[in-house]
Amino acid sequence: MASLIVLSVLTFSLLAVVFYFVIIYNGLVTVRNNVDKSWSNIDVLLKQRHDELPKLVSVCERYMKHEADTLERVIKARAAMANADSMDERRQADGMIKEALKSLFAVSENYPELKADRRFGQLQSRITEIENEIADRREMYNESGNIYNIRIAQIPDVFVAKLFNYRTKELWQIVPEHREDVPVSFSY
Amino acid sequence: MDDLAGLLWAGPLLAASTPADTKDSAVNVEIHGEPGQAASVLPPPPEMARDFSFGGLTGSVHRPWLMIKRFRIFVRHVGPPFLVYPLALATLGAPFVGRTHATGLSYAVSLTAIGLTAFIHAFVLLGRKRAIENCPTSKLRSMPMGLVEVKGRARQKYSLKAPFSLTDCVYYAYERYEWEHMGNQAGYRLKQWGESGKVPFYVEDETARVLILPEHAIIKAGTTQDMSAPFGGALGLAQSFSKTGNQKIVERVIPLGEPLYVMGFAHPLRTGREVRHGHFMEKLRKLKSDPARLADYDLDGDGSISETEWEGARRDMQEVALLDQTDDGRDRVCISEHPTEALFYISDKHEEQLTRSMAWRIPFFLCLGVALVIGGLAFMLKP
């Protein structure tokens, strides 16, 4: 009788350990895939922005004859993003696109005809919308990455993570130049 | 008392109009869609509210139906149905074993089955807890497709009011009890049960709103109000009941603006004729499997649905399906049950509260499960 109870306790303990291991392993697979999925979800939006930029440039070209530099910067930044492979290159290219777009939209204020163009208005709001979504998804990528990094460092997950060689993921950080103070001068 | 009965019956009907009402009353009902904002016009829910009384002959049909419904919800909460159903069957069948065989065997079977269920539930809870912890929270504006976790406030898609507290809500369920003497014993006995059904609603955060189709969700949300005499008097209609002194109404509502946590499967809403047809067939299937609703179409009361009566039911369902699909073309994405995974969770608790509440239940059910199985084995081996 006693031996049977001991045997059943042992069986249940073994079952519990096996189930626990399976749940931990599956959890790690899920969080790792979540990070990859979050990254791909950013890519979806980057592709959309990539497709919208030439349309924006072609509309602007008609009105901004003297702003070739600004437009060229947008095109160059777009090309840099298309050729970027590593996360660091992407971050740099993304920063370039942001800067170029910021200048373009700022300069567009000097062209009332361009501002009045319905297509420009649509493209501007579409790109701003995509930018906001990219920012949200970057945040989500960082949250996924953070969850993953915490998981693989915590007990008991760390043992399974070491066993299957899970490595920490790099989070999305802004380009260092963007952290610098913006010089403001009032000239009135 | 007649007034009381009238109010009881009118309550649920006031809250959710039937398709027939929709046809007659120009579809729209004015309500406050968002607290503190201007009144907006929302349509009534496309599906009828469920409302069953348990008195007389109908009670004998409705009571088992409610028991089955509650049992199915219980199974969904506990774990995978293919494991829980056989174990539940073993637990329920154990007393019959006791009649034909030794009583000890009956206890043994019951304890082992309940123990195994608790053991499984512990791991199901662990899986859910980790899934909730592992899923990053999305903003609704940029929510990706697939398994998502979102947080926001409940907003109505359809006009819905809780029948007794008259609260604007996205879901309600109520039970009405009457104090009864049965032999030497006295107590509250369930006389009426009703719910809004799983009416689609929105969850809104600071960036956007998304449609939630709560069918098959594990809903752990809502405020329960016990409106028994004399304290229920302050709550709207409940005052009428409190005067009688022998009734108790328990109403659970997810009020408008309630902060909700939702974990489910985000996907685009399908459109088109084919889908509308599928939706219509689904409505018909649901109607067929619900004897209480089907009885509403038995106009001559002969206990069977004639061809003409069935045609009427078909027309109604067609209208409901159409209304369901076309009343708001703006909803392009929704969150609903995952096609394969069972994790579709709606809670009014914060994520941390939710996981913390699961954290202590896991070891409890694990130990309980092991102890019960050992107890069952001990009974089995008892000489």
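The structure reproduced in this document is the subject of the present report. (Residues numbered from 1 in each chain as written. Chains lettered and ligands numbered in written order. Predicted model: local features only at pLDDT ≥ 70, side-chain atom pairs only at ≥ 80, totals over all residues. Heavy atoms only, no water.)

Secondary structure summary: chain B contains 10 helices and 14 strands in total. Put simply, chain B has 383 residues, and 48% of those count as buried. Of the roughly 19,100 Å² of accessible surface on chain B, a fraction of 59% belongs to carbon and sulfur atoms. (Helix = DSSP H or I, 4+ residues; strand = E, 2+ residues; numbered from the N terminus. Buried < 20%, exposed > 50% of the residue type's maximum accessible area, 1.4 Å probe, protein only. Areas by Shrake-Rupley, 256 points an atom, 1.4 Å probe, with all protein chains shown as cover.)

Attention now moves to the overall build of chain A. Scanning chain A for helices and strands turns up six helices and zero strands. Taken from N to C terminus, the helices and strands of chain A fall in the order α-α-α-α-α-α. Out of the 188 residues belonging to chain A, those deemed buried represent 40%. Across chain A, contacts joining residues at least 24 apart in sequence account for 76% of those joining residues at least 6 apart. (Contact = heavy atoms within 4.5 Å.)

A separate point is the nonpolar core. The biggest cluster of nonpolar side chains holds 41 residues, and the ones touching the most others in it are L28, L56, C60, L101 and L104 of chain A. Within the residue set of this core, elements represented by two or more residues are α1 (2-63), α2 (68-83), α3 (87-107), α5 (118-153) and α6 (157-163) of chain A. Per-element accounting of this core gives the leading share, 13 residues, to α1 of chain A. In contact with L28 of chain A, not counting residues within four places along its chain, are R151, I152, D157, V160, A161 and Y166 of chain A. By size, the runner-up hydrophobic cluster in this structure holds 23 residues, among which are L125, Y261, V370 and I374 of chain B. (Core = buried A, V, L, I, M, F, W, Y, C linked by side-chain atoms within 4.5 Å.)

With that out of the way, let us pick up α2 of chain A. Residue and element names in this part refer to chain A. Relative to the 22 Å expected for 16 residues at 1.5 Å per residue, α2 spans 22 Å between its end C-alpha atoms, a close match to the ideal helical length. When we look at burial in α2, the residues that qualify are T70, L71, V74, A77 and M81. The buried residues of α2 occupy an angular sector of 120° when projected down its axis, which confines them to one face. Along α2, the residues that are exposed and aim more than 90 degrees away from the buried face are D69, K76, A82 and N83. Structurally, α2 contributes buried residues whose contacts are with α1 and α3. (Expected span 1.5 Å × (residues − 1). Arc of directions from axis to C-beta.)

A separate point is the pattern of salt bridges. By the definition in use, this model includes 21 salt bridges over all chains. The residue K47 of chain A makes a salt bridge to D51 of chain A at a minimum N-O spacing of 3.0 Å. Taken together, the residues K47 of chain A and D51 of chain A, both in helix α1 and four residues apart, mark about one turn of the helix. Using a relative accessible area of 35% as the deciding quantity, one classes D51 of chain A as partly exposed. Between E175 of chain B and R70 of chain B there is a salt bridge; the shortest N-O distance is 2.4 Å. Here E175 of chain B is found in strand β5 (residues 169-182), whereas its partner R70 of chain B is found in helix α3 (residues 56-78), with 105 residues between them in sequence. Under the relative-accessibility criterion, E175 of chain B is labelled buried at 18%. What makes R70 of chain B partly exposed here is its relative accessible area of 38%. A single network of salt bridges, built from pairs that share partners, joins R49, D94, K98, E131 and R138 of chain A. (Salt bridge = Lys/Arg side-chain N within 4 Å of Asp/Glu carboxyl O.)

All names here are of chain A. Closest axis-to-axis distance for the α2/α3 pair is 8 Å, and the angle between their directions is 160°. Regarding the angle of α2 to α3, the classification is roughly antiparallel. Like other packed secondary-structure pairs, α2 and α3 cross with a definite hand, here left-handed. Judged by residue contacts, T70, L71, R73, V74, K76, A77, R78, A80, M81 and N83 of α2 engage E89, R90, A93, D94, M96, I97, E99, A100, S103, L104 and V107 from α3. (Axes fitted to C-alpha atoms, helices over the stretch in contact; angles between N-to-C directions. Parallel < 35°, antiparallel > 145°, perpendicular 65-115°, else oblique. Left-handed = near helix turned anticlockwise from the far one by under 90°.)

Our focus in this paragraph is the sheet that holds strand β11 (residues 247-255) of chain B. All names here are of chain B. The antiparallel open sheet is built from five strands, whose spatial order is β3-β6-β5-β11-β10. A strand with exactly one partner marks an edge of an open sheet, and here the two such strands are β3 (50-53) and β10 (223-226). Taken over all neighbouring pairs, the strand axes of this sheet differ in orientation by 20° on average, direction set aside. (Pairing = 2+ DSSP bridges.)

Let us look at the pairing of strand β8 (residues 209-212) of chain B. All names here are of chain B. Both strand β7 (residues 201-204) and β8 contribute to a ladder of four bridges, which runs antiparallel. Bridge pairing in β8 links V203 to V210. Two successive antiparallel strands, β7 and β8, enclose a turn made up of four residues. The pairing of β8 with strand β13 (residues 333-336) spans two bridges and is classified as parallel. Bridged to L211 within β13 is C334.

Mapping V31 of chain A onto the fold places it in helix α1. On the basis of relative accessible area, V31 of chain A is assigned to the buried category, the value being 1%. For the pair V31 of chain A and I147 of chain A, spaced 116 residues apart in sequence, the C-alpha to C-alpha distance is 7.2 Å. Among all residues touching V31 of chain A, those that are not within four sequence positions of it are I147, Y148 and R151 of chain A together with N134 of chain B.

These figures capture arrangement, not role.
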